[in-house]
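Architecture and fold: a report
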Amino acid sequence: MEDHKISMDKIVSLCKRRGFVFQSSEIYGGQAGAWDYGPLGVELKKNIQNAWWKEMTQLHDNIVGLDAAILMHPRVWEASGHVANFSDPLVDCKQCKMRFRADTMDQKALEEKKCPACGGELTEPRAFNLMFKTHIGPAEDSASIVYLRPETAQGIYVNYKNIAQSNRMKIPFGIAQVGKAFRNEIVTKNFIFRTCEFEQMEMQFFVKPGEDDKWFQYWREQRWAFYEKYGVNMNKMRWYHHEKLAHYAKDAYDIEYEFPMGFSELEGVHNRTDFDLTRHTEYSGKDMSYIDQDDNNNKYIPYIIETSAGLTRNLLMFLCDAYEEQNLAKEGEPEDYRTVLHFHPKIAPVTVAVLPLMKKDGLAELAKEIQNDLKEDFVTDYDQSGAIGKRYRRQDEIGTPFCITVDYDSKEDGTVTLRFRDSMEQVRVRREELSARIHSEIKNYKRV
Ligand code: GAP
């Protein structure tokens, strides 16, 4: 009997089959640690990004946005500690040349210096910096080195004074940014979970020292509530409290999600103290302190509470969380499975599919007209090929929450069928009421 549980292989296969995610440079055998987002993947990624951006900037009066350059002055990464500390301990097998991370490999094999793959001798662990290095200009010497940023956060720190001054921001305030980050990861398994090129959604919140613990708690609550709001199954979420802290952190929690390979980090909430701004003051020679006009012109270096989520990792989470193989057979009937993605309608790559029952008798033309009416408000799809049941299943598999079917009655009385993905219920709606009805369904959506 077929296994109807979720697995990473099923997610990878659905992503390729339906155009969410493709292997990078596939025709050349693929590029490890890099993936391409197809038509549905782009929409899904954009929707997750928009939901996060709205949550941060639109719903918080004191958070503004930034889009900093990926290439930054190399001193930034000295100041941040990445040049000295951002490394994994690696060991190599002298025989089969396999490479392992000493901190995550079998510790017995490491102690015995034996390769877990072939039994050959292992080298001593050595620190391998995760930053990608390249050169600016024609000369490839040490003076021209630049790094591809390993986190977006530093772009925010070096701009914090520009933003505070130009936008008259008063502490506490935040700066949000979404963008690419790069890490030379050695182990890049589990599809898009850990990749060399990925996207982050980071928000840095600047607070008065002494108020950091309160804001740290606030942001933990906010981030948890965000996932709840977008319909994620919260039984699959948990907090992980860091015992071993990064060089910049005073306290850190991860939100972990139960991916098919087990609970793994989705997002981090960190109290970074005044570490980064103090270091940038030291390394740049520019004073990064803040004069608090609401507190007797007190001068201090703000503490920073960071919320740092992977956008591409979120996309994987939303896919895994939405995925279901659902048996539609009634008792006594043979099994009949549909694959369905229960995306929140604001996250789903396509919101509405318009399907004429038949191509002929003017139904296709009418369906196209209806699709055109809805295009301004929603991402729509149109499908006229195959039996209507099959077309519903195709839309279920990509997570389209609403299907509109145009039939012979539509020509007579101006109504259409509106079908709901999760319940598969169908109602008749007047054509001119469709947009308002769908808007209201989205607003009131609750995942069952
Ligand atoms: N600015 C802090 C920072 O970068 P991090 O825990 O290293 O913290 C934050 O990364 C988030 O970025 C992670 O929770 C994860 O979602 C995402 N992330 C980190 N490395 C990644 C990788 N190699 N591939 C995909 N996502 C990654």
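Structural data are supplied above this passage.
Residues numbered from 1 in each chain as written. Predicted model: local features only at pLDDT ≥ 70, side-chain atom pairs only at ≥ 80, totals over all residues. Heavy atoms only, no water.

Using the criterion set out here, one finds 18 aromatic pairs in the structure. Ring centres of Tyr-257 and Phe-259 lie 5.2 Å apart, and the angle between their planes is 80 degrees; this geometry places the pair in the edge-to-face category. Summarising the burial analysis for this pair, Tyr-257 and Phe-259 share the class buried. Centre to centre, the rings of Tyr-290 and Tyr-300 are 5.8 Å apart; their planes meet at 50 degrees, and the pair counts as tilted. In this pair, Tyr-290 sits in strand E14 (residues 290–292) while Tyr-300 sits in strand E15 (residues 298–300), placing the two residues 10 residues apart along the sequence. Residues Tyr-290 and Tyr-300 agree in their burial class; the two are buried. In textbook terms, an aromatic cluster arises when at least three aromatic residues are bridged by ring pairs, as seen for Phe-205, Trp-215, Tyr-218 and Trp-219. Lys-45 extends its terminal NZ or CZ atom over the ring of Tyr-37, reaching a point 4.8 Å from the ring centre. Across from the ring centre of Tyr-382, 4.1 Å away, lies the NZ or CZ of Lys-368, which sits over that ring. (Phe/Tyr/Trp six-rings, centres within 6.5 Å; stacked < 30°, edge-to-face > 60°. Buried < 20%, exposed > 50% of the residue type's maximum accessible area, 1.4 Å probe, protein only. Helix = DSSP H or I, 4+ residues; strand = E, 2+ residues; numbered from the N terminus. Lys NZ or Arg CZ within 6 Å of the ring centre and 35° of its normal.)

Let us look at the packing of helix H2 (residues 39–58) against helix H9 (residues 311–322). Each pair of packed helices gets described by two things: the angle between the helix axes and the distance between those axes. In the contact formed by H2 and H9, the axes pass within 10 Å of each other and the chain directions differ by 105 degrees. Judged by the inter-axis angle, H2 sits roughly perpendicular to H9. Note on element contacts: H9 touches H2 through Leu-311, Thr-312, Asn-314, Leu-315, Phe-318 and Leu-319, opposite Gly-41, Leu-44, Lys-45, Ile-48 and Gln-49. Broken down by class, the residue content of the contact of H2 with H9 amounts to six nonpolar, four polar and one charged. (Axes fitted to C-alpha atoms, helices over the stretch in contact; angles between N-to-C directions. Parallel < 35°, antiparallel > 145°, perpendicular 65-115°, else oblique. Contact = heavy atoms within 4.5 Å. Nonpolar A, V, L, I, M, F, W, Y, C, P; charged D, E, K, R; others polar.)

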